[in-house]
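Next come the chains, spelled out residue by residue.
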Amino acid sequence: MGPDRWRDGLQACIRSLVTVVKPAVDRSGDPLASEQVALVARYLDFLAQRIDVYRDRGLAILLSYAELADRVRDALARAGTLPDSVTALREAADRARAVGADPRSRPSEIEATTNEVKTELSRIVRQLGPAETGVQAEVAAAVTEHATGLVALGRAWFAPQRWENDADRIPRLEDILDRNRT
Amino acid sequence: MSTPQQLPADTAAPASPKAGRLFLPAGRAQDEELRDNPPSWLADRVDAAFPTEDEYRRVLARKLRRRASGPYTVPSLSELRTRLHDFLSAHIEGDFTVTGVRWLTGGASKIQLAFGLTWDAPGQGRITEPLVVRMEPAESLNATSRLREFQVIRALHGTIPVPVARWLDPDGTWLPEPAIVYSLVRGTTKPRGDRLRVSGTGTRFPASLRAALAPQFVAHLAALHTFDWRGADLSAFTVPRVGTTESALWQLNRVRRVWEEDRGEDFPLVELAANWLEGHLPELDVVSLLHGDFRSGNFMFDEETGEITGWLDWERGYLGDRHRDLAWTMLRLFGSHDEETGEFLVSGLVPESRFLAEYERLSGLPVDRTRLRWYRVLNAYQMMVSNFATGYRVVKLGRSHQDVLLALVEGAVYSLAQELLDALEEVPHGARPMA
């Protein structure tokens, strides 16, 4: 069964919850159940809107972390510090690119590989501590710059959930993913 | 340069790390096992690495101890009615009647139940009063103390509108989990017709209601922060020393500890925020009693008169720096924009500059921009940790009655991350550049 029918199936679930289940639950007088039926429908609707581009998003995040790993590795190497981390970052970034380049990579594999890179980077940031000079400052700048793009992607991804009042200022998901494809 | 603890998470306990540097990797199968079924050493290690207030240490250790007990099943109304009767029997002298036990909604973290109680209240004679049971699920978005919540509500009776705190079951001796019982506050948390938002975020008040609510909102915050807490029974609270950074550090450490205990994946930006916070800890100038979640959605009001009838959700209250409450209230997530001017309104009620000026005038306490910025970073960081780490763990293990809501709140993480970035880069509220 392809994603098109998944989407149809999901929409049928949402319709059922909204038009059949929720009115019945409302009549039961259980406000928690009524609230949760609406939330379930809302979550499924979000899933239906994003199911097509789930893998694209995973790839964009994976490759962005590989780039960040390169920047941090270079900063550490120039400073001559944490040699084990330099090696670990190189290996993690290489794996990330290999997984990213393989059209057969599953979303779960993409996610696991992304997590490896994120763990190495997080370990380094924690290890460097709060100092704001030298290599610490360079790594902090790289992480911040990377986070700006990552956060824009995350806000666009979750925009249908309407967490932000000024939703018109959120960049379009399609535009961000298109930029990553090119 | 200090060295973080790098341990294979599925093996023996790591040696004690230097404070603040314990790092337990996340994301692999063995990392998940560590957090899903925490060994006894985990609570000891995170406790040693991230010292915080005693009551939080107790509550967080309890959370880890009980985590492996499996998915949470919401008790039936029938079971709760029986348990409630037993609880009240242990606390009320004479006969009483419980009627109309029913679920309440509201909030992402605690179970709430309303009922009517007819009893002989001390000094009041035979009365029938509407009450609320506020009880923890097995785990929630915030591991907090019912004892503290009970104490702070009692302490503030007569200072600002709060429920009447009646009884406490601090360890779940009678009820299935720790709980408090307090009076039902009349009113609503949001105006009629406000579209559905999760957990009271981004409430839009019409101008007429803003005019009525905003002055009370600021006045209550000023009254809270100038309340003389020294005469109150706040035995479950730790008092930080003025002129030191320990208050800020306790708050930072509590969040760092929760990040270690709960997360399912790493996030370098979160680490960067923790480093920045550690490097810029502010000194405390005045010890105030804080609400901890002071915003629209957490007060009830009468829609006809515009009167605030009660402040709820005191679970995050603590003794510390007023800038924590101020910065929390100003979080973009809780605000909205004026429909005519487009100006950002704190909690959907009042422009930021007026909010701070009125607060200073009414409280007589200065607002320090450096401290305000530090707490803005802390608050965004804390909410990211709650939504991204704790929310994930609770949902994965099925530990609360609101798992579907917690699955949704993950979606707020990147809005909060933007707030964090803006705070780190000192971008003012409401002036966020396009990404």
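Residues numbered from 1 in each chain as written. Chains lettered and ligands numbered in written order. Predicted model: local features only at pLDDT ≥ 70, side-chain atom pairs only at ≥ 80, totals over all residues.

Undergrad: Whenever I open this one, the domain arrangement of chain B confuses me. Can you help?
TA: Reports of interface size often rely on the accessible area that becomes lost once the parts have come together. Residues and elements named next belong to chain B. We note that the domain assignment places domain 1 (77-183) and domain 2 (198-424) within chain B. The straight-line distance from the C-alpha centre of domain 1 to that of domain 2 is 25 Å. Taken residue by residue, the interface counts 24 residues in domain 1 and 32 residues in domain 2. Sort the elements by how many residues they give to the side of domain 1 that touches domain 2 and helix 5 (residues 146-155) lands first, with 7 residues. Among the residues forming the side of domain 1 that touches domain 2, the class breakdown is 14 nonpolar, 7 polar and 3 charged. (Domains from an automatic or database assignment. Contact = placed C-beta atoms within 7 Å. Helix = DSSP H or I, 4+ residues; strand = E, 2+ residues; numbered from the N terminus. Nonpolar A, V, L, I, M, F, W, Y, C, P; charged D, E, K, R; others polar.)

Undergrad: What should I look at first to understand the nonpolar core in this one?
TA: One recurring pattern in soluble globular proteins: nonpolar side chains tend to sit buried together. Residues and elements named next belong to chain B. Residues Val-377, Tyr-381, Met-384 and Leu-420 are the most contacted members of the largest nonpolar core, which totals 146 residues. The biggest single contributor to this core is helix 11 (residues 369-397), with 15 residues. Apart from the residues within four sequence positions on either side, Met-384 is in contact with Val-270, Val-413, Leu-416, Ala-417 and Leu-420. Core analysis: the next-biggest nonpolar cluster, separate from the first, contains 13 residues, Leu-22, Ala-49, Tyr-56 and Val-59 among them. (Core = buried A, V, L, I, M, F, W, Y, C linked by C-beta atoms within 7 Å. Buried ≥ 20, exposed ≤ 12 C-beta atoms within 10 Å, placed from the backbone.)

Undergrad: Looking at this structure, I do not really get the pairing of strand 5 (residues 125-135) of chain B. What am I missing?
TA: Looking down a regular strand, the side chains alternate between one sheet face and the other. Across 11 bridges, the pairing between strand 4 (residues 111-121) of chain B and strand 5 of chain B is antiparallel. Residue pairing across strands places B:Gln112 opposite B:Arg134, the latter belonging to strand 5 of chain B. (Pairing = 2+ DSSP bridges.)

Undergrad: I'm lost on the packing of helix 9 (residues 322-329) of chain B against helix 11 of chain B in this one. Help?
TA: Residues and elements named next belong to chain B. Across the interface, helix 9 lies against helix 11 with an axial gap of 8 Å and an inter-helix angle of 60°. In terms of orientation, helix 9 lies oblique with respect to helix 11. In this structure, the crossing between helix 9 and helix 11 has a hand that is right-handed. Residues His-323, Arg-324, Leu-326, Ala-327 and Trp-328 of helix 9 touch helix 11, and the partners they reach there are Arg-371, Leu-372, Tyr-375, Arg-376 and Asn-379. Of the residues in the contact of helix 9 with helix 11, the class split is 5 nonpolar, 2 polar and 3 charged. (Axes fitted to C-alpha atoms, helices over the stretch in contact; angles between N-to-C directions. Parallel < 35°, antiparallel > 145°, perpendicular 65-115°, else oblique. Left-handed = near helix turned anticlockwise from the far one by under 90°.)

Undergrad: Sorry if this is basic, but what is going on with the packing of helix 4 (residues 83-101) of chain A against helix 5 (residues 107-128) of chain A here?
TA: Between two packed helices, what matters for the description is the angle formed by their axes and the separation of those axes. Residue and element names in this part refer to chain A. Running from N to C, helix 4 and helix 5 cross one another at 160°; their axes reach a closest spacing of 10 Å. One element, helix 4, and the other, helix 5, form an angle in the roughly antiparallel class. Once helix 4 is placed against helix 5, the crossing between them reads as left-handed. From helix 4, Ser-85, Ala-88, Leu-89, Ala-92, Ala-93, Arg-95, Ala-96 and Val-99 reach across to helix 5, where they touch Glu-109, Ile-110, Thr-113, Glu-116, Val-117, Glu-120 and Ile-124. Within the contact of helix 4 with helix 5, the residues separate by chemical class into 9 nonpolar, 2 polar and 4 charged.

Undergrad: How do you make sense of the sheet that holds strand 13 (residues 344-346) of chain B when you look at a structure like this?
TA: Strand pairing within a sheet occurs via backbone hydrogen bonds; the two strands may be parallel or antiparallel. All names here are of chain B. Spatially, 12-13-14 is the arrangement adopted by the 3 strands of the open sheet, whose pairing is antiparallel. Two strands close off the open sheet at either side, each with one partner strand: strand 12 (336-337) and strand 14 (350-351). Pairing between strand 12 and strand 13: 2 bridges, direction antiparallel. Each bridged residue has a counterpart across the sheet, and for Ser-336 the counterpart in strand 13 is Leu-345.

Undergrad: When you look at the interface of chain B and chain A in this model, what are you seeing that I'm missing?
TA: Taken together, the contacts link 45 residues of chain B with 39 residues of chain A. Listed by contribution, the elements that provide at least two residues to the side of chain B that touches chain A are strand 3 (97-104), helix 8 (268-279), strand 12, helix 12 (403-409) and helix 13 (413-424) of chain B. Broken down by element, the residue count for the side of chain B that touches chain A peaks at 8 residues, all from helix 8 of chain B.

Undergrad: Honestly, the confidence of the model for chain B in this entry has me stumped. Any pointers?
TA: Detailed reading of the predicted model is not advised wherever pLDDT is low. Residue and element names in this part refer to chain B. Across chain B, pLDDT averages 91, with 92% of residues at or above 70. Across residues 1-17 the pLDDT falls below 50, and counting only partners more than four positions away or on other chains, this stretch makes 37 contacts in the model. Our summary of model confidence lists the complex with pTM equal to 0.93 and ipTM equal to 0.95. (pLDDT = per-residue confidence, 0-100.)

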